[in-house]
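Each chain is listed here by its residues.
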Amino acid sequence: MEWYTLFRPHILERGLGYYEDGLVTGFEYSDNEIMAQVAGSDTYDVQIELDGEDVLDMYCSCPYAADGHNCKHMAAVLFRFEEELEARDTQTERESDDIFQWDIYGRMQKDKKEVTELVAKIPEDKVRELLVGFVLSDESLRNRLQMRYSFKMDSKLMLKLRTELEQIQYRYGRDGFVDWYHASDFASELVGFLCEKVMFLIERSCLKQAFELTNEVFYCIGNTDMDDSDGSSSYVADQCYECWKQILEKSDEDFKAEIRKWFETHKTGYVADYMDEYIEEFILNEFADRQMIEKEIQKLDAFIDKYQGNDCGNGYYYSVHYGYVNPVLRRIEYMRKMGCTDEEIREYRQANRHFSVIREMEISEALEKGDYKSAVSILLESKELDANNKEQLKKYSEQLIDIYRETGSEAAYCEELIYHLENFWQGDLSYVNALKKCISDQEYWKTVVDNIVAKNRYDEFVCNLLQEERRYEQLMEKIENSVNKVSLLDDHGRILRKRFPERIIKIYSDYLKREAEMANDRKKYKRLMPYLKKIAGCAGGAAAAQEIADSWKREYRRRSAMMDELKKAGF
């Protein structure tokens, strides 16, 4: 199944990220259908029709898909489907249930081999004829080939490159606005122009031309009216910043002076107000004198002094190019630029040690030196100081687990594993398995599991643990008492339905009653049918499923699409 060819590369990459982040839930598939939900800015329903392993049709409830595009949510679900297929095909060969990550590179290599073999069969004169046609119809390809195989830096080439850039802007912004559906494609083409054309000029030391084109791209993205809710303009501006840096690094002193003059004369008015900050930051990072740095330090100090807790609040000092940068770290960086001594920097760090970022720096330095004793001491101290910060506590605990394992501190290792399992969300059961290896007393192990189940508030992890321990009665009770009972039952129903058919029938029946009342189109009706089949698959469930279907036929007889889906499902 080569479904990845259905998606644009950047959409495919985002879908992979959603899949790897575990945002695909409620996943179910059969020979002809996949159904799942994907979390994002909202939770979106995804449905994919199959013919064996081939994709026939796809649906997603997100706005991007509503406009007829194949979206990242669909891609995420298909990555999960690949995982399921691999697990199914290799189940007898694998001794564990480690999550399989699909190797898309290998599949692309297979495609490349097939295309190479196909091209090899075409006569050389026909290949050249085809290539001429492609080049004539694609200005970007024409410029790329000319730069690669017939490079000559002159005004003619610059005109072609400027024309290509204008064509990108015209394709997406000719109506005066780039909407949300096209913003990422617009940004991707501009970044592609920078990475392919501008970076090539930098490599060839055509620095003046590279600088001019980079500025024109920055002007384009900085003055185009667009729906930038996905951060597309920052994506382009970041690449412009990288090009500026590389150009500056390769420039002689005379051209560096020209670059500095350009930045100083374009600080305001060249692009939209919020994009001015990229220029200001470049000046500050690359051309700042002592007076400018002192002024910046004063701004940072005023910001930092507002906070007396263990961090500088959620409103970190914002760096447009580097993202959210901790103001304390930024302050230390400027102290080094100012030529402060190591002793002065140490004094500043000590005075601000109540900020967790300073202690994190100390931990990293201790680990780099192999000073595990100091690292453990700072980590234990930090657990007390940052007791109200769950995210920080989890990070400290994971670092302690790694250190205790590395140093062979078995008792402390075991204790920290228990603490971690009782308090934090777990993406898998790896820490459970590690802890189990440390505990040989089965009665004590049961007590440990009881405590984890009682204290950990993440239902998905607790249910996975209960299934692993074969505590099926507890697992069933946990699902019944969860607000996410249907999703959890989707994950664990196969192993529970023979043991608790009546309780499973009740959960799914209640769910179908609620959903049927709110369903209002064929897609939603279709998503209900697998749950009817799940009910029918339980012992004594066939009659219950038929009773639900008959009640729908009475109550919703005017919903022709629902009646049609019931008939297709065999009810």
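Before going into details, it helps to say that this report is about the structure given with it. Predicted model only: the values in this text are computed from it and were never measured.

1. Concerning the sheet that holds strand S3 (residues 43-51)
Stage number 1. Read from one edge of the open sheet, four strands run S1-S2-S3-S4, paired in antiparallel fashion. Both edges of this open sheet fall to strand S1 (24-29) and strand S4 (54-60), since each of them pairs with a single strand only. The mean inter-strand angle of the sheet, taken between neighbouring strand axes irrespective of direction, is 15 degrees.

2. Digging into the pattern of salt bridges
Any two side chains of opposite charge can pair, given that their charged atoms come close.
Stage number 1. Per the stated rule, a full pass over the model turns up 36 salt bridges.
Stage number 2. Notably, a salt bridge pairs Arg359 with Asp386, separated by 3.0 Å at the nearest N-O pair. Placement of the pair is Arg359 in helix H16 (residues 356-369) and Asp386 in the loop between helix H17 (372-385) and helix H18 (390-407), with a sequence separation of 27 residues.
Stage number 3. Residue classification places Arg359 among the buried residues on the basis of a relative accessible area of 0%.
Stage number 4. Here Asp386 falls in the buried class, since its relative accessible area comes to 4%.
Stage number 5. It is possible to trace a salt-bridge network through shared partners that takes in Arg522, Asp564, Glu565 and Lys568.

3. Things to note about a positive patch on the surface
Stage number 1. Residues Arg470, Arg494, Arg497, Lys498 and Arg499 make up a contiguous surface patch of positive charge.
Stage number 2. Examined against the element boundaries, Arg499 turns out to sit in the loop between helix H24 (485-496) and helix H25 (501-518).

4. Comments concerning the nonpolar core
Stage number 1. Within the largest apolar cluster, 67 residues are counted, with the highest numbers of intra-cluster contacts made by Leu435, Leu496, Leu512, Leu532 and Trp552.
Stage number 2. At seven residues, the largest contribution of residues to this core is made by H25.
Stage number 3. Ignoring sequence-local partners within four residues, the contact set of Trp552 consists of Leu512, Ala516, Leu528, Met529, Leu532, Arg557, Met562, Met563 and Leu566.
Stage number 4. Listed in part, the 50 residues of the second largest apolar core include Ala187, Val217, Met226 and Phe287.

5. Description of the packing of helix H7 (residues 155-173) against helix H8 (residues 180-203)
Stage number 1. Interaxial distance between H7 and H8 falls to 10 Å at its minimum, and their mutual angle equals 170 degrees. The pairing of H7 with H8 is recorded here as roughly antiparallel in orientation. On the side of H7, the interface is formed by Leu161, Glu164, Leu165, Ile168, Gln169, Arg171 and Tyr172, while H8 contributes His182, Asp185, Phe186, Glu189, Leu190, Phe193, Lys197 and Leu201.
Stage number 2. In terms of residue class, the contact of H7 with H8 is made up of eight nonpolar, two polar and five charged.

6. Thoughts on the pairing of S4
Stage number 1. As paired elements, S3 and S4 share six bridges and run antiparallel to each other. Bridging from a neighbouring strand, Ile48 pairs with Met58 of S4.
Stage number 2. A loop of two residues connects S3 with S4, the two strands running antiparallel in sequence, and Gly52 in this loop sits at a positive phi of about 70 degrees.

7. Examining the packing of helix H23 (residues 472-480) against H24
Stage number 1. Taken N-terminus to C-terminus, the directions of H23 and H24 make an angle of 155 degrees; their axes are 9 Å apart at the nearest point. In terms of axis orientation, H23 runs roughly antiparallel to H24. Seen along the crossing, H23 lies across H24 with a hand that is left-handed. Along its contact with H23, which presents Tyr472, Leu475, Met476, Ile479 and Glu480, the element H24 presents Lys485, Leu488, Leu489, His492, Ile495 and Leu496.
Stage number 2. Of the residues belonging to the contact of H23 with H24, the class tally is eight nonpolar, one polar and two charged.

8. Side note on the packing of aromatic side chains
Stage number 1. Per the stated rule, a full pass over the model turns up 26 aromatic pairs.
Stage number 2. Ring centres 6.4 Å apart and planes at 45 degrees place the aromatic pair Phe263 and Phe287 in the tilted group. One end of the pair, Phe263, is in helix H11 (residues 253-265); the other, Phe287, is in helix H12 (residues 276-287), and 24 residues separate them in sequence.
Stage number 3. Judged by relative accessible area, Phe287 falls into the buried class, the value being 10%.
Stage number 4. The rings of Phe211, Phe218, Tyr219, Tyr241, Trp244, Phe255, Trp262, Phe263, Tyr270, Tyr278, Phe282 and Phe287 are connected pair by pair, giving a single aromatic cluster.
Stage number 5. For Lys383, the ring lying beneath its charged end belongs to Tyr419, and the centroid distance is 3.8 Å.

9. What to know about unusual backbone geometry
Stage number 1. In the Ramachandran plot, Ser205 falls in the positive-phi region, its phi being about 65 degrees despite a non-glycine side chain.
Stage number 2. Mapped onto the elements, Ser205 comes out in the loop between H8 and helix H9 (207-223).

The rules behind these values
Residues numbered from 1 in each chain as written. Predicted model: local features only at pLDDT ≥ 70, side-chain atom pairs only at ≥ 80, totals over all residues. Heavy atoms only, no water. Pairing = 2+ DSSP bridges. Helix = DSSP H or I, 4+ residues; strand = E, 2+ residues; numbered from the N terminus. Axes fitted to C-alpha atoms, helices over the stretch in contact; angles between N-to-C directions. Salt bridge = Lys/Arg side-chain N within 4 Å of Asp/Glu carboxyl O. Buried < 20%, exposed > 50% of the residue type's maximum accessible area, 1.4 Å probe, protein only. Patch = residues over 30% accessible without salt bridge, like charges linked within 9 Å, V, L, I, M, F, W, Y side chains within 5 Å. Areas by Shrake-Rupley, 256 points an atom, 1.4 Å probe, with all protein chains shown as cover. Lys, Arg positive; Asp, Glu negative; His and termini not counted. Charge placed at Lys NZ, Arg CZ, Asp CG, Glu CD. Core = buried A, V, L, I, M, F, W, Y, C linked by side-chain atoms within 4.5 Å. Contact = heavy atoms within 4.5 Å. Parallel < 35°, antiparallel > 145°, perpendicular 65-115°, else oblique. Nonpolar A, V, L, I, M, F, W, Y, C, P; charged D, E, K, R; others polar. Left-handed = near helix turned anticlockwise from the far one by under 90°. Phe/Tyr/Trp six-rings, centres within 6.5 Å; stacked < 30°, edge-to-face > 60°. Lys NZ or Arg CZ within 6 Å of the ring centre and 35° of its normal.

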